[in-house]
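What the coordinates show
Residue strings, one per chain:
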There are 2 protein chains.
Amino acid sequence: MNAAHPFDAAVALQAGADGAFTGRTSPAYANFIGPYGGITAAQCMNAVLQHPERLGDPVAFTVNFAAAVADGDFVLRPRAARTNRSTQHWVVEMLQGGEVVATATALTAVRRPTWGGHEMPMPEALPPAGVPRVTRRGVAWLERYEMRFLLGMIPRDWDGDGTPESLSRLWVRDDPPRPLDFASLAALCDVFFPRIWLRRARQTPLGTVSMTVYFHATAAELAAAGTGHLLAQARGQGFGSGYFDHAGQLWSESGDLLATTHQVMYYKE
Amino acid sequence: MNAAHPFDAAVALQAGADGAFTGRTSPAYANFIGPYGGITAAQCMNAVLQHPERLGDPVAFTVNFAAAVADGDFVLRPRAARTNRSTQHWVVEMLQGGEVVATATALTAVRRPTWGGHEMPMPEALPPAGVPRVTRRGVAWLERYEMRFLLGMIPRDWDGDGTPESLSRLWVRDDPPRPLDFASLAALCDVFFPRIWLRRARQTPLGTVSMTVYFHATAAELAAAGTGHLLAQARGQGFGSGYFDHAGQLWSESGDLLATTHQVMYYKE
């Protein structure tokens, strides 16, 4: 924990007497309206990670964005719905003014060595140093990530002339660099620009409504990833009747699959 | 609702005075031990679908299998954590003997016509009638599905000689055929044999711990799919330290993307 890093400040929670935590949105991770969804996800994840009864490390995590999060204070209520010998199932609610703004579920588990062999290899990619860094900015949370696009950067011109495929691939890490952990990896799973922007080259109003992360990295593998870049990719699947989804993967710079992620976004037209 | 169909009998719930529902596991969907996970998922989904306050149709659904479901009665507690103008966020718990055996979250929404264009086209496939039906059986729930494999059937011999890729592709529908609905589609999202069986050709103990479904089909598109076959495919992503995941898609016989799905399974060695 590095108190000076904006991520640590943003996910910091204070434990209350009733098992709840309180926190506060961070201007450093502000989006166009309200906070970056990835930081809301990381705050929900952190309520589980900081819980004194937590067993093991995160394996699966789903966060549902139920309402716009307002700038200011929030309450997180994590609850262990079921604790087994080596696994634990969590239900989390984030509240503002007594109203639910996000729900989440998480599975934590004591992971043990087994046979393994990832089937989704890291795509060939130029090393990060050889890929130009995105400098087009203007939104706070984008300043918190160093992004170097290999494929599928957002359109230069919002001229309605999109692409038939929405695959994006980028090197990404916290800015300033910060050793990777489960909370920051959850946040990184939401860095992908909305796939529909690539498909349509048009800025329709939209927002993520649900995101799932499967953690393939153990704590030791996260430590090995350190402050290196992650190769992150995402591709849209279904788009219609106001909702679309994407599937994504994130690898360490050395090629370890760290997480797979999926999300569904609402869009207006 | 066709009272004679085993699926309808299996997902039937009785509303209680306290907002909870009661149901009972169905021998027709029994797995090796306890019920088929897909039917547990469908029961959780149905608790939302049958709730008198439900708004709209399912868009996103995550179910977490927290403990083995015992044969017998269960209680389902669906709760609308947040209701907006056109969306609603649900938290569901399934209990047996007062203990949580599954948790779920669901987003339901009133879907409206928008621009659309699925990016994940249905793979080329021989029509169902030209693909042999699987006859190898012995487990009740397998009898509830007509399966015709195009690719990635489970190994004939458990000789430890697996395949480097775990892509499976099959035509599948309820047996006897039944008009598709949200609950049966949720159940169908769990028909995939464990990907690790293909990779290892070895029956390690395992079980699904979390599954997410994104519904791309509207109610009208489900009605159009009717009793036809679905083309379903799934492919493993990460395998290690006791857990692996897969990503899957299901299309109607006419090529509409109906749902995308992901799950993570525990495995023992």
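Just above, that's the structure.
Throughout what follows, the structure given in this document is the object of discussion. (Residues numbered from 1 in each chain as written. Chains lettered and ligands numbered in written order. Predicted model: local features only at pLDDT ≥ 70, side-chain atom pairs only at ≥ 80, totals over all residues. Heavy atoms only, no water.)

1. Details of the pattern of salt bridges
Rule in force here: We count a salt bridge whenever a side-chain nitrogen from Lys or Arg sits within 4 Å of a carboxyl oxygen from Asp or Glu. To qualify as a helix, a DSSP run of H or I must reach at least 4 residues; to qualify as a strand, a run of E must reach at least 2; elements of each kind are numbered from the N terminus. For every residue, the accessible area (1.4 Å probe, protein chains only) is compared with the maximum for its type, and the residue is labelled buried under 20%, exposed over 50%, or partly exposed between those bounds.
Scanning the model with the defined rule gives 26 salt bridges over all chains in all. The partner of Glu 119 of chain B in a salt bridge is Arg 199 of chain A, and the shortest N-O contact between them spans 3.3 Å. Here Arg 199 of chain A lies in helix H4 (residues 195-200) and Glu 119 of chain B lies in the loop between strand E6 (99-109) and strand E7 (145-151), a pairing that spans two chains. Here Arg 77 of chain B and Asp 18 of chain B are joined by a salt bridge, their closest N and O atoms 3.4 Å apart. Here Arg 77 of chain B, found in strand E4 (residues 73-83), pairs with Asp 18 of chain B, found in the loop between strand E1 (14-15) and strand E2 (21-24); they are 59 residues apart in sequence, far enough to count as distant. Judged by relative accessible area, Arg 77 of chain B falls into the partly exposed class, the value being 40%.

2. So, the interface of chain B and chain A
Interface size, as often reported, equals the accessible area lost upon joining of the parts. This is how it is decided: Here, residues are in contact when the closest pair of their heavy atoms is within 4.5 Å. Note on definitions: buried area is the accessible-area loss of two parts on being combined, 1.4 Å probe, summed for both. Nitrogen and oxygen atoms within 3.5 Å of one another constitute a polar contact, given that in protein one can donate a hydrogen and the other can accept it, and given that sequence-neighbouring residues count only through two side-chain atoms.
Taken together, the 64 residues of chain B in the interface contact 64 residues of chain A. Buried area between chain B and chain A, summed over both chains or domains, comes out near 5,200 Å², and the portion from carbon and sulfur atoms is 54%. Together, Trp 115, Glu 119 and Gln 237 of chain B form the three largest contributors to the area buried by chain B at its contact with chain A, with a combined 16%. Our count for the chain B to chain A interface comes out at six salt bridges. The shortest N-O distance in the salt bridge between Glu 119 of chain A and Arg 235 of chain B comes to 3.6 Å. Taken together, chain B and chain A are joined by 48 residue pairs in polar contact (both at pLDDT 80 or more). Among the elements that make up the side of chain B that touches chain A, the one with the highest residue count is E6 of chain B (seven residues).

3. Describing helix H2 (residues 37-49) of chain A
For clarity, the cut-off: Under the convention used throughout, the expected extent of a helix is 1.5 Å for every residue step, that is, one less than its residue count.
With 13 residues, H2 of chain A extends 18 Å between its outermost C-alpha atoms, agreeing within 8% with the 18 Å of an ideal straight helix rising 1.5 Å per residue. Counting buried positions along H2 of chain A gives 13 out of 13 residues, so the element sits mostly inside the fold.

4. Things to note about the relation of the copies chain B and chain A
Defined as follows: To line up the copies, we fit them by least squares on C-alpha atoms, keeping just the residues with pLDDT of at least 70 in both.
Take chain B, turn it by 180°, move it 0.0 Å along the axis, and it overlays chain A with an RMSD of 0.0 Å. The transformation just described matches what one would write down for a two-fold rotation axis. An overlap of 100% is found between the interface residues of chain B and their copies at the interface of chain A, pointing to a shared contact surface.

5. Details of the packing of aromatic side chains
Residue and element names in this part refer to chain A. As a reminder of what qualifies: Pairing of aromatic side chains here covers Phe, Tyr and the six-membered ring of Trp, requires ring centres within 6.5 Å, and sorts the geometry by plane angle: under 30 degrees stacked, over 60 edge-to-face, intermediate tilted. In this scheme, Lys NZ or Arg CZ marks a charge over a ring once it lies within 6 Å of the ring centre and within 35 degrees of the ring normal.
Per the stated rule, a full pass over the model turns up 25 aromatic pairs over all chains. Residues Phe 7 and Tyr 29 carry aromatic rings whose centres are separated by 6.2 Å and whose planes lie at 80° to one another, so their mutual orientation is edge-to-face. You can see Phe 7 sitting in helix H1 (residues 6-11) and its partner Tyr 29 sitting in the loop between strand E2 (21-24) and H2, a full 22 residues away along the chain. In this structure Phe 7 comes out as buried when scored by relative accessible area, which is 0%. Using a relative accessible area of 0% as the deciding quantity, one classes Tyr 29 as buried. Through a chain of ring-to-ring contacts, three or more aromatic side chains come together here, namely Phe 7, Tyr 29, Tyr 36, Trp 141 and Tyr 145. Directly above the aromatic system of Phe 239 lies the positively charged group of Arg 199, at a separation of 4.7 Å from the ring centroid.

6. Brief notes about the side chain of Arg 169 of chain A
Residue and element names in this part refer to chain A. Worth spelling out the cut-off: Just so you know, the count uses Lys and Arg for positive and Asp and Glu for negative, and it drops His and the chain ends.
Here Arg 169 shows up in strand E8 (residues 168-174). Despite its burial, Arg 169 pairs with no opposite charge; the closest candidate is Glu 165, at 9.0 Å N-O. The residues contacting Arg 169, other than those within four sequence positions of it, are Pro 123, Phe 149, Leu 150, Leu 151, Leu 231, Ala 232 and Gln 233.

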